[in-house]
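The lines below spell out each chain.
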Amino acid sequence: MIEKTYFLYKKQKKIRIYGFFFVSLHARMNDCALHIGNRLLAMNKPLVMGIINVTPDSFAISCQSMSEEEIQRSAATAIADGADILDIGGMSARPDSQAVSLEEEWSRVERALKIIRKQWPNIPLSVDTYRAEVAHRATDVYGVEIINDISGGELDEQMFDVVARSGATYVLMHMRGTPATMSGLTEYDDLMSTLLGYFAERVDRLHQLGVSDVILDPGFGFAKNQQQNYEILSRLADLQVFRLPILAGLSRKRMIYNVLGSTPQADDTLLGTCALNMAALLNGANILRVHDVAEAVKTIQLFEQIRK
């Protein structure tokens, strides 16, 4: 079945048509590939991005990897379990968290990059940062292939230029405010129209700068309340209009453990993560960003059986 899909964006308080595409209701990126540095990752099946947090205040205890041994163990486990990409974060972005200095963030990130690049030189690496300088150092010194920016370039106006010069793939996420303020910024006239307009404007800017490899992340939990998170999940396929890979970052988030009456670290929350990851896959997600790689890989295995 084919439908005519269009997306809108708001400009100067007026809604304008940005463009339209003809897409299948169940269109996926099965015949596409994602450029990661100088290589291609086939998108004929979903990918797993394993989280390596080098922060002392990660909400997922198993990822509080600060020592060299802990970083090695976390990376080795993620790779052995089937991670396609490792995502390294040096500053917590949980709700109400406070920023650390640029040099402190870079010190944490660099510690992990040194260790992982030395032992696993071929694993694609992503750095989770909204600071252009951290992105520049990571791509320039360590050849990091992906920049994962929770702010979509809003918290550092130099970010898009850095990504364009580096040739890195860019994860464009939707958020309002900062991690410290986003919980109070959840009022939307129309949530999905806001997301579509946000991505339309920024994808256009990135393309004009020569950034062709962009991944979209709707930002579950970032300036969205619980109901809004589930609305996005149920309508995730709307983002396929851009014909870009979609990343789902649902792992152990509040939208799961609040519903289950659990905690971030509990087994119930892991089970809930697997359930919502399956929902994301069925609605068009191409990449799962997770703390628990083995379980995500098994979820994808079951999804592939459904798709067959």
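Model, not experiment: these values are computed from the prediction.

Quick notes on the rules
Residues numbered from 1 in each chain as written. Predicted model: local features only at pLDDT ≥ 70, side-chain atom pairs only at ≥ 80, totals over all residues. Heavy atoms only, no water. Helix = DSSP H or I, 4+ residues; strand = E, 2+ residues; numbered from the N terminus. Contact = heavy atoms within 4.5 Å. Phe/Tyr/Trp six-rings, centres within 6.5 Å; stacked < 30°, edge-to-face > 60°. Lys NZ or Arg CZ within 6 Å of the ring centre and 35° of its normal. Buried < 20%, exposed > 50% of the residue type's maximum accessible area, 1.4 Å probe, protein only. 1 Å grid on protein atoms, 1.4 Å probe; cavity = no way out; pocket = protein on both sides within 12 Å on 5 of 7 lines; lining within 4 Å. Points joined across faces, edges and corners; volume = space filled by probe spheres on them. Nonpolar A, V, L, I, M, F, W, Y, C, P; charged D, E, K, R; others polar. Arc of directions from axis to C-beta. Axes fitted to C-alpha atoms, helices over the stretch in contact; angles between N-to-C directions. Parallel < 35°, antiparallel > 145°, perpendicular 65-115°, else oblique. Salt bridge = Lys/Arg side-chain N within 4 Å of Asp/Glu carboxyl O. Expected span 1.5 Å × (residues − 1).

Chemist: Can you help me understand the overall build of the protein in this one?
Modeler: Secondary structure summary: the protein contains 9 helices and 12 strands in total. Contacts in the protein between residues far apart in sequence, at least 24 positions, make up 65% of those at least 6 positions apart.

Chemist: In this structure, what is going on with the packing of aromatic side chains? I would like to understand it.
Modeler: How two aromatic rings sit relative to each other is set out by the distance from centre to centre and by the angle between their planes. Considering all chains together, one arrives at 4 aromatic pairs under this definition. Grouped by ring-pair contacts, the aromatic residues Tyr198, Phe199 and Phe242 constitute a single cluster. When the ring centre of tyrosine 188 is taken as origin, the NZ or CZ atom of arginine 176, which lies over that ring, is 3.8 Å away.

Chemist: How should I be thinking about the environment of glutamine 98 in this particular structure?
Modeler: Tracing the backbone shows glutamine 98 in the loop between strand E6 (85-89) and helix H2 (102-119). Sequence spacing of glutamine 98 and proline 179 is 81 residues, and the spatial spacing of their C-alpha atoms is 7.2 Å.

Chemist: What is the right way to read unusual backbone geometry from this model?
Modeler: What is expected of a backbone is that most residues other than glycine have negative phi and most peptide bonds are trans. Its identity is not glycine, yet alanine 223 carries a phi of approximately 60 degrees, on the positive side. Look at arginine 243: it is not a glycine, yet its phi comes out positive at around 55 degrees. Its place among the elements puts arginine 243 in the loop between helix H6 (226-234) and strand E11 (247-248). Overall, the relative accessible area of 35% leaves arginine 243 in the partly exposed class.

Chemist: Explain empty space enclosed by the protein to me, please; I cannot follow it from the model alone.
Modeler: Which parts of space are left empty comes out when a probe the size of a water molecule is rolled across the atoms. The final tally for this structure, using the stated rule, is 1 cavity of 30 Å³ or more. Volume-wise, the largest cavity comes out at about 30 Å³. Breaking the lining of the largest cavity down by element, the ones donating at least two residues are helix H8 (267-282) and helix H9 (293-307). Its residues placed into classes, the lining of the largest cavity shows 4 nonpolar, 4 polar and 2 charged.

Chemist: Is there a simple way to explain the environment of cysteine 274 in this structure?
Modeler: Among the structural elements, cysteine 274 can be located in helix H8. Taking the C-alpha atoms as reference points, cysteine 274 and alanine 296, separated by 22 residues in sequence, lie 6.6 Å from one another. Non-local contacts of cysteine 274, meaning those with residues more than four positions away in its chain, are made with Glu295 and Thr299.

Chemist: Can you walk me through helix H4 (residues 159-166) in this structure?
Modeler: Residue pairs spaced three or four apart in an α-helix point in one direction, given the helix's 3.6 residues per turn. Taken as a whole, H4 has its buried residues at Met159, Phe160, Val162 and Val163. Seen from one end, H4 has its buried residues packed into an arc of 160 degrees, which puts them on one side. On its buried side, H4 packs onto helix H3 (132-142), strand E8 (146-149), strand E9 (169-173) and helix H5 (191-208). Immediately beyond the C-terminal end of H4, within one or two residues, lies glycine 167, with a positive phi of roughly 80 degrees.

Chemist: Just checking my understanding: could you explain the packing of H3 against H4 for this structure?
Modeler: Helix-helix packing: each pair is described by the crossing angle between the helix axes and the interaxial distance. The interhelical angle for the contact between H3 and H4, taken along N-to-C directions, is 10 degrees, at an axis separation of 9 Å. Judged by the angle between their axes, H3 and H4 are roughly parallel. Contact residues: H3 offers Ala132, Ala135, His136 and Thr139, while H4 offers Met159, Val162 and Ser166. Grouping the constituent residues of the contact of H3 with H4 by class yields 4 nonpolar, 3 polar and no charged.

Chemist: Help me out: how do you make sense of the pattern of salt bridges in this one?
Modeler: Pairing between side chains of opposite charge can happen when the charged atoms of each approach one another. Enumeration over the complete set of coordinates arrives at 15 salt bridges. The residue glutamate 145 makes a salt bridge to arginine 39 at a minimum N-O spacing of 2.6 Å. One end of the pair, glutamate 145, is in the loop between H3 and E8; the other, arginine 39, is in strand E4 (residues 39-42), and 106 residues separate them in sequence. Overall, the relative accessible area of 26% leaves arginine 39 in the partly exposed class. With a shortest N-O distance of 3.1 Å, glutamate 145 and arginine 117 are connected by a salt bridge.

Chemist: Hey, could you run me through helix H1 (residues 68-81) in this one?
Modeler: In this model H1 runs 20 Å from its N-terminal to its C-terminal C-alpha over 14 residues, within 8% of the 20 Å that 1.5 Å per residue would give. Taken as a whole, H1 has its buried residues at Ile71, Ser74, Ala75 and Ala78. The arc that holds the buried residues of H1, viewed along the axis, is 95 degrees, so those residues lie on one side. Away from the buried face of H1 by more than 90 degrees, exposed residues Arg73 and Ala80 are located. Buried positions along H1 lie against strand E5 (47-53), E6, H2 and H9. Glycine 82 lies just past H1 and shows a positive phi near 115 degrees.

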